[in-house]
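# Structural features, examined
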Amino acid sequence: MPGFAKLSLALLFVVIVFLWSYTSHGDVPNNSFLIIGAVFGAYMAMNIGANDVANNVGPAVGAKAMTLMWAIIVAAIFEALGAFIAGGDVVKTIKKGIIDPALISDPQIFIWAMTAALLSAALWLNFATSVGAPVSTTHSIVGGVMGAGIAAAGFAIVSWDTMGKIAASWVISPVLGGIIAAGFLYLIKTKIVYKKDMITSATIVVPYLIALMSWAFSTYLILKGIKKLIKLDFYTAAGIGLVIAVVVFIVVKPLIAKAAKKLDNNRVSVNTLFTIPLIFAAALLSFAHGANDVANAIGPLAAINDAIMSSEISSKVDIPFWVMAVGALGIAVGLALYGPKLIKTVGSEITELDQMRAFSIAMAAAITVIIASQLGLPVSSTHIAVGGVFGVGFLREYLDSHETRFLQEVRKKFKKHKKELDSMTSELVNLEKIESKSKSNYVRIVELYKSIDEKQEIVKQEKKDVKDAKSVKYVKRDAVKKIIAAWIITVPAAAMLSAAIFFMIKGIMS
């Protein structure tokens, strides 16, 4: 779709939100900021769809388990379902408790701050998407709220302990995600890929892996995806997940055995056994993401709505259906229009993925969140997913012993031939210094010239082979550097932008 058409459709959605909020709240006092907040909330929701959702479906697309079009359709549907079904009726107005709203006594100042937070987070996400960097939408809105809070009431308003935990998640999330993803890929390689009879090994191991995935995703959804519908503790959620996993194992085992009879004994055939689980994983991750992260778009909007309607500041507010709809539909629209760029980045531009690797990343996404929630560690789903991609890529580099042996052999040959070339060159120089040359000397000189020419070609090629072998990397370093840099500066960049927007609003309104 041409860029102008995408922009037109995005603007059409914003205009619809504007018209709806204006016609439905036209008689509300001080409704201008509610309408502006609705527009900014729609813009923020579209940016979440364009950037954050890529983490859920990118690996499946990169592994060719789903086409890009079907990934967008599945993710858009399940993101919206997650938001509407399990998004909750109440949202915390201040994400993660990073500022204390009690220190802002004037509701009008609070409305300006939330408006600035929404716009700054959306602008930062828009920029990150344009350069192909998957960043945390939660960290973007955290930075926006922090910056506006500081601008409104000073540094004392910020809970610096909470900010410290968020900063820790920059390291914890990708490292945990990478280690768990690499662990699952190593398990698959050692138990299936490196076996002589891969198909027989797969019929034994794959049902257990799918059952484990069923347990992980069931527990994950109960703890995170539907926590606003029904709240259960970890042990109850894990118990229900275990029952589901046992049922899945009983159903899947004969199906895998039947499918395996038609497969050849190679890696490509084994990969096909992970395709359907990957599609389910993409759908379930999207559902959980819609249920959780829609609050990033609608939290500040719900806060603005409540402050205008009640003329007071609350730490928790009810979510009107129209506010939830702005968030849910905005995420779907943003994903459909601008999601493909980041889906391609996560799916193929960091490292090459197949179904086994993508399955390992999906497992890491669910299990890391479960572990972190039980240990009380702050994590980011974006950082976990991208860390998982890093993890499988670096594991491939580590395990590729063939490349290492090749490099060692080429270096050994290069050194040997270079030594022989130096020796022949030295002999030629010495022979040419002799004034009265014998016939044998002339013959030897001709032989040396010919041998040196041949040896120089060999050494030149081997030097190139060494250089090429050194450059073979499965994880693209430029992509890693760009993404990590974007992660680090997300909170401060959004905060500074938010503070600037707050002061601009204050200057205009004063």
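Rules used in this analysis
- The numbering scheme is per chain: residues are counted from 1 as the chain's sequence reads.
- Reporting of local features is limited, given that this is a predicted model, to residues whose pLDDT is at least 70; pairs of side-chain atoms are given and counted only at 80 or more, and all residues count toward the totals for whole chains, interfaces and linings.
- Excluding hydrogens and water, the side-chain figures rest on all heavy atoms present in the structure.
- Helix and strand definitions here come from DSSP, where helices need a minimum of 4 consecutive H or I residues and strands a minimum of 2 consecutive E residues; each element is numbered from the N-terminal end.
- Buried means the residue's accessible area, taken with a 1.4 Å probe over protein chains only, is under 20% of the maximum for its type, while exposed means over 50%, and partly exposed covers the values in between.
- Only heavy atoms enter the contact rule, under which two residues are in contact if any of them lie within 4.5 Å.
- Each accessible area value is a Shrake-Rupley result obtained with a 1.4 Å probe; residue values ignore everything except the protein chains displayed when judging cover.
- When a carboxyl oxygen of Asp or Glu lies within 4 Å of a side-chain nitrogen of Lys or Arg, that pair is called a salt bridge.
- Only residues whose relative accessible area exceeds 30% and that take part in no salt bridge are eligible for patches, with like-charged residues grouped when within 9 Å of each other and nonpolar side chains (Val, Leu, Ile, Met, Phe, Trp, Tyr) grouped when within 5 Å.
- Fitting a line to C-alpha atoms yields each axis, with helices limited to the stretch in contact; the angle taken between N-to-C directions then spans 0 to 180 degrees.
- Here the angle decides the label: under 35 degrees means roughly parallel, over 145 means roughly antiparallel, 65 to 115 means roughly perpendicular, and every other value means oblique.
- Helix crossings get a hand from a simple test, with the near helix turned counterclockwise from the far one by less than a right angle marking a left-handed crossing and a clockwise turn marking a right-handed one.
- Pairing of aromatic side chains requires ring centres within 6.5 Å, counting the rings of Phe and Tyr and the six-membered ring of Trp. Pairs whose planes differ by under 30 degrees are stacked, by over 60 edge-to-face, and all others tilted.
- Polar contact is the term for a pair of N or O atoms within 3.5 Å; when the atoms are in protein, one must be able to donate a hydrogen and the other to accept it, and sequence-neighboring residues count only if both atoms are side-chain atoms.
- Scored from 0 to 100, pLDDT records how confident the predictor is in each individual residue.

## Observations concerning the overall build of the protein
Regarding its fold elements, the protein presents 17 helices and 2 strands. Looking at the protein as a whole, 54% of its 510 residues are labelled buried. Taking as baseline every contact in the protein between residues at least 6 positions apart, the subset at least 24 positions apart corresponds to 85%. As displayed, the protein has an accessible area near 23,300 Å², and 66% of this comes from carbon and sulfur atoms.

## Quick look at the pattern of salt bridges
In this structure the tally under the stated criterion is 2 salt bridges. With its nearest N and O atoms 2.8 Å apart, the salt bridge here joins R267 to D354. You can see R267 sitting in helix α10 (residues 267-271) and its partner D354 sitting in the loop between α12 (321-349) and α13 (355-375), a full 87 residues away along the chain. Between D354 and R357 there is a salt bridge, with the nearest N and O atoms lying 3.6 Å from each other. By relative accessible area, D354 is classed as buried at 10%. Each of the salt bridges in this network shares a partner with another, and the network as a whole consists of R267, D354 and R357.

## Observations regarding a nonpolar patch on the surface
A contiguous nonpolar patch, built from M69, W70, I73, I77, L81, F84, I85, L229, I230, F321 and L329 and spanning about 1,100 Å² of accessible area, is present on the exposed surface. Listing elements by their share of the nonpolar patch, those giving two or more residues are α4 (68-86) and α12. A per-element tally of the nonpolar patch places α4 first, with 7 residues. Among the secondary structure elements, I230 is positioned in the loop between α8 (198-225) and α9 (234-260). Among the residues examined, I230 registers a relative accessible area of 42% and is labelled partly exposed.

## Thoughts on the packing of helix α11 (residues 275-310) against α12
One way to put it is that α11 packs onto α12 with a least axis distance of 9 Å and a crossing angle of 150°. Here α12 runs roughly antiparallel to α11, going by the angle between their axes. Where α11 crosses over α12, the two elements pack in a sense that is right-handed. Across the interface between the two elements, V294, I298, L301, A302 and N305 from α11 touch W322, V323, M324, V326, G327, A328 and I331 from α12.

## Focus on the packing of aromatic side chains
Aromatic rings considered in pairs are described by the distance between their centres and by the relative angle of their planes. Counted according to the given criterion, the structure contains 10 aromatic pairs. A ring pair is formed by F217 and Y220, whose centres lie 6.5 Å apart and whose planes are at 75°; its orientation type is edge-to-face. Placement of both F217 and Y220 in helix α8 is noted, with a separation of 3 residues, approximately one turn of the helix. Relative accessible area serves as the criterion here: at 3%, F217 is assigned to the buried category.

## Some thoughts on the side chain of T162
Here T162 is to be found in helix α7 (residues 160-193). The class of T162 is buried, set by a relative accessible area of 18%. Here S159 takes part through its side chain, which lies 2.9 Å from a polar atom of the side chain of T162.

## Notes on the environment of A182
Mapped onto the elements of the fold, A182 is located in helix α7. In this structure the C-alpha to C-alpha distance between A182 and I361, which are 179 residues apart in sequence, comes to 8.2 Å. Discounting chain neighbours no more than four positions away, the residues touching A182 are G391 and L395.

## Quick notes on the environment of F155
Here F155 is to be found in the loop between α6 (137-153) and α7. Residue classification places F155 among the exposed positions, given a relative accessible area of 55%. Beyond its immediate chain neighbours, meaning those up to four positions away, F155 contacts I150 and W160.

## Remarks on the confidence of the model for the protein
Within the protein, residue pLDDT values average 83, and 90% of them lie at 70 or more. The weakest mean pLDDT in the protein belongs to strand β1 (residues 90-92) at 55; the strongest belongs to α9 at 92.

## Some words on the environment of F287
Position of F287 among the secondary structure elements: in helix α11. Using a relative accessible area of 13% as the deciding quantity, one classes F287 as buried. Residues F287 and A76, 211 residues apart in the sequence, show an inter-C-alpha distance of 9.2 Å.

## Regarding unusual backbone geometry
For K64, which is not glycine, the phi torsion reads 65° and is therefore positive. Mapped onto the secondary structure, K64 falls in the loop between α3 (54-62) and α4. Its relative accessible area of 71% is what places K64 among the exposed residues.

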